[in-house]
Amino acid sequence: MSFLAKGRVLKNQQLADDLYELEFLAPQIALKCHPGKFMQIRVSEQDDPLLRRPLSLYDVDVDSGSISLLYKVVGQGTRIMTSFKPDDTIDVMGPLGNGFTMPNYPLNAILVGGGVGIAPLMYLARWLILLDCQVKVLYGANTAGELVASDRFSRLGVELEVATLDGSAGYHGPVTDLLKDQDPHEVDSFYTCGPEMMMAEVAEYVACNYLWGECSLEEHMACGVGACLGCARKLKPADVDYVKICKDGPVFNVQAVEFMMGR
Amino acid sequence: MKKEYGQGTGQPDISVNLGGLSMKNPVAVASGTFGYGFEYEDFIDISGIGGVIVKGTTLEPRPGNPPPRIAETPAGMLNAIGLENPGVDVFLNEYLPVLREKGVTVILNIAGNTVEEYARLAAKLKGHPGIAGVELNISCPNVKEGGLQFGTDPVMVKTVVEAIKAECSLPIIPKLSPNVTDIVAIAQAAQEGGADALAMINTLMGMAVDIRTKRPVLGNVFGGLSGPAIKPVALRMIYQVYREIDLPILGGGGIMNFTDALEFILVGASAVSIGTGNFVNPCLADEIVDGLIEYMQENQIAKLTDLVGAAAV
Ligand SMILES: Cc1cc2nc3c(=O)[nH]c(=O)nc-3n(C[C@H](O)[C@H](O)[C@H](O)COP(=O)(O)OP(=O)(O)OC[C@H]3O[C@@H](n4cnc5c(N)ncnc54)[C@H](O)[C@@H]3O)c2cc1C
Ligand SMILES: Cc1cc2nc3c(=O)[nH]c(=O)nc-3n(C[C@H](O)[C@H](O)[C@H](O)COP(=O)(O)O)c2cc1C
Ligand code: FES
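In this text, all values refer to a predicted model and were calculated from it rather than measured experimentally. Throughout this document, residue positions are counted from 1 along each chain, in the order its sequence is written. Key to labels: chains lettered from A, ligands numbered from 1, both in the order written. Predicted model: local features are reported for residues with pLDDT of at least 70 only, side-chain atom pairs are reported and counted for 80 or more only, and whole-chain, interface and lining totals are derived from all residues. In computing side-chain properties, one takes all heavy atoms of the structure into account and sets aside hydrogens as well as water.

Caption draft 1: Broad picture of the site of ligand 2. Throughout, the term near means that a residue has one or more heavy atoms lying within 4 Å of the molecule or strand in question. Neighbouring residues of ligand 2: 23 residues in total, closest Ser31, Lys175, Gly227, Gly254 and Thr276 of chain B. Neighbouring residues of ligand 2 are not confined to a single chain but are spread across chains A and B. Distance and chemistry together define a polar contact, namely a pair of N or O atoms within 3.5 Å, with one atom able to donate a hydrogen and the other to accept it when in protein, and with adjacent residues in sequence counting only for side-chain atoms on both sides. Contacts to ligand 2 include Gly254 of chain B, whose backbone N or O atom sits 2.6 Å from an oxygen atom. Here the residues of the shell around ligand 2 are counted per class, giving 6 nonpolar, 15 polar and 2 charged. Under this grouping Gly is polar, as are all residues other than the nonpolar Ala, Val, Leu, Ile, Met, Phe, Trp, Tyr, Cys and Pro and the charged Asp, Glu, Lys and Arg.

Caption draft 2: Summary view of the domain arrangement of chain A. All names here are of chain A. For every domain, the bounds stem from an assignment made automatically or drawn from a database. In terms of domain boundaries, chain A breaks down into domain 1 (3–96) and domain 2 (108–218). Distance from the C-alpha centre of domain 1 to the C-alpha centre of domain 2: 23 Å. At the interface, 16 residues of domain 1 touch 14 residues of domain 2. What counts as buried area is the accessible surface, traced by a 1.4 Å probe, that two parts surrender upon association, with contributions from both included. Both faces considered, domain 1 and domain 2 share a buried interface measuring about 1400 Å² in area, 64% of it formed by carbon and sulfur atoms. Here, a salt bridge means any side-chain nitrogen of Lys or Arg that lies within 4 Å of a carboxyl oxygen of Asp or Glu. A salt bridge links Arg152 to Asp59, with the shortest nitrogen-to-oxygen separation between them at 3.0 Å. Here, two residues are considered to be in contact whenever any of their heavy atoms come within 4.5 Å of each other.

Caption draft 3: Structural detail: the UniProt feature "binding site: FAD" (unreviewed entry) in chain A. Following the UniProt record, one finds the feature "binding site: FAD" (unreviewed entry) at Arg53, Pro54, Leu55, Ser56, Gly77 and Thr78 of chain A. Along the polypeptide, Arg53 of chain A turns up in strand β4 (residues 53–56). Contacts of Arg53 of chain A, omitting those with residues within four sequence positions, involve Met39, Gln40, Ile41, Val43 and Gly77 of chain A together with Glu72 of chain B. A distance of 2.9 Å separates a polar atom in the side chain of Arg53 of chain A from the backbone oxygen of Leu51 of chain A. Labels follow the DSSP assignment, with helices taken as runs of H or I lasting at least four residues and strands as runs of E lasting at least two, numbered in each case from the N terminus. Mapped onto the fold, Leu55 of chain A is located in strand β4. Each residue gets one of three labels from its accessible area relative to the maximum for its type: buried under 20%, exposed over 50%, partly exposed in between, using a 1.4 Å probe on protein chains only. A relative accessible area of 12% means that Leu55 of chain A is categorised as buried. UniProt positions are given in the numbering used here, feature names are shortened, and annotations may be inferred rather than shown by experiment.

Caption draft 4: Representation of the packing of aromatic side chains in the model. Between the rings of Phe, Tyr and Trp (Trp by its six-membered ring), a pair exists once the centres lie within 6.5 Å; its type follows the angle of the planes, with under 30 degrees stacked, over 60 edge-to-face, and the other angles tilted. A complete count under the given rule lists 13 aromatic pairs over all chains for this structure. The interplanar angle of 65 degrees and the centroid separation of 5.4 Å between the aromatic rings of Phe190 of chain A and Tyr205 of chain A together place this pair among those described as edge-to-face. Of this pair, Phe190 of chain A sits in strand β12 (residues 189–193) while Tyr205 of chain A sits in helix α5 (residues 196–208), and the two are 15 residues apart along the sequence. Residues Phe190 of chain A and Tyr205 of chain A agree in their burial class; the two are buried. Both rings, one in Tyr40 of chain B and one in Phe43 of chain B, keep their centres 6.4 Å apart while their planes meet at 65 degrees; by these two values the pair is edge-to-face. Phe43 of chain B sits in the buried class, given a relative accessible area of 10%. One aromatic cluster is present, formed by Tyr36, Phe38, Phe91 and Tyr95 of chain B through successive ring pairs.

Caption draft 5: Structural view of the UniProt feature "domain: FAD-binding FR-type" (unreviewed entry) in chain A. The UniProt feature table records "domain: FAD-binding FR-type" (unreviewed entry) at residues 2–102 of chain A. In this annotation, residues 2–102 of chain A is assigned 11% helix and 48% strand; the end-to-end C-alpha distance for the span is 20 Å.

Caption draft 6: Seen up close, the interface of chain B and chain A. Taken residue by residue, the interface counts 32 residues in chain B and 29 residues in chain A. Remark: the boundary between chain B and chain A carries 2 salt bridges. Glu72 of chain B is the partner of Arg53 of chain A in a salt bridge, and the nearest nitrogen-oxygen pair spans 2.7 Å. Inspection of the region where chain B meets chain A yields 9 residue pairs in polar contact (both at pLDDT 80 or more). Of all the secondary structure elements, the ones that give two or more residues to the side of chain B that touches chain A are β5 (70–73), β6 (76–79) and α7 (277–280) of chain B. Ranked by the residues each element gives to the side of chain B that touches chain A, the list is headed by β5 of chain B, at 3 residues. Residues of the side of chain B that touches chain A, tallied by class, amount to 17 nonpolar, 9 polar and 6 charged.

Quick look at the structure:
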């Protein structure tokens, strides 16, 4: 069940140069949230920009009814979002899509996130911890300043390893380099979100070690509910059918996907 | 012109007879923007919508165009979905029975690439109750005429409407393409072919370019422009056709709120359709109906028909 609602902004905080956390109250929606699902946010009451912006659930507090999103300013819509202020009313729709598969028993999970792709993994980590899973997060970014989710992960009680491309924090290099230090026999499942090149390496690790993993994909969207068929993608070039990222995903098994390197 | 309220209920009469297709209210949702209706059930009671015009349906299943299929543009969007649909048999056997059960006013939108294809598709609808009317997408290339779009040539328009009328007794509503020089000539041809009403307008052909890749954005290069950006074009074309052609019009193109809808009615639309607006506000159809009722009550207008074409001078 998803809803169209008016959310009351609680905070809209700049965490780094171009990274913001938006928290708003939408109790009805919060009750139905599941990690990996996303929201469609209307950024303007005007007709331009017209379409809603899809953003993953970063964190949800069912008790207070608040939902957090972590967004990166990349264009007109996300720039407008930076002007949201506490007590503003925003037009939100969700939760949408199919989220991550939750384990039936406590297992060992590794979450690999790059850049703002870390967003859906936070709420996922919260659920996995509640399910008594062992959670390790491999978190990569360009610089130390962009590792905006680290403290929150630490508070959750997950094991955190970070990597930065400029070496300003943690391992100096791509986060996927951290994979080779993991013991595949100690892991049951992988969850990943970020640049497709990064997710491709996670998928390869999963395949080579006969593990299981899920990823979250992006595509430009109009409706967000499977009606317009706009967010189509062939998971593998030889597939006959197009999946709709909004409805069949955004979460897919990593082995079903051939990643696109430019993304 | 001021009138008493209808039937003494205090509620103005907003039902519409669109060339034999009866709608409980004048607001339909446009083809390709509302799936089969199910997709939006969390947000709106689909049986309350004036008409649910389902995704463009073809004789055989179609996979659709390669992505990217959509691009946002100033106050609008481009789409090149490529008529992805499961084919008419799946629609008739799987989706239609459920929609009928729910009491949805179903308008089937059909598309084809030859006159025969349209006719065979129309013939298949016999014996399947629950279709209130058929919207005819004629913005498709006629493969037997060198790929020229049906909707751009009066002779082809008349031929295809006639062929469908011969196979199907449901109200037939050709949906006119705005990508023509003389919209009235096309409307005239549709009328001569036996059209019961007209839907207008379909999307305007456009494109978008990515300066980083130096390539067109859409996988299909060209796409159809929709949304508020096309509203003035839609109003103009409906106005022109309303004045010349005696057929009810289902008008749409960029409707985002009740005042937009009212503008369409004033230039001659008997009913309206909402497309891109559904993406922004999935409850828009209901909100527009509420807005129209309130407006009619405030202005003591008893019947919606009293407003149709009021701006045509
Ligand atoms: C399921 C899903 C979850 C997402 N979660 C997050 C998140 O948690 N945090 C975050 O920062 N970003 C996320 N994104 C990407 C985010 O939607 C885009 O960055 C955003 O729409 C850009 O809007 P803009 O107006 O600032 O950019 P512009 O480039 O000006 O946008 C132009 C158009 O392209 C679309 N668009 C541009 N980039 C993307 C993209 N990467 N994905 C989809 N549509 C795009 C916009 O929606 C808009 O319609 C997610 C995308 C999807 C599909
Ligand atoms: C994503 C999308 C898909 C569409 N698919 C169809 C279709 O299958 N058949 C059709 O006749 N029109 C189709 N249309 C056109 C709409 O039905 C409508 O005529 C057009 O978008 C203009 O109205 P609007 O500005 O309110 O969207 C589509 C439009 C969009 C945006
Ligand atoms: S965004 Fe419309 S089908 Fe996915």
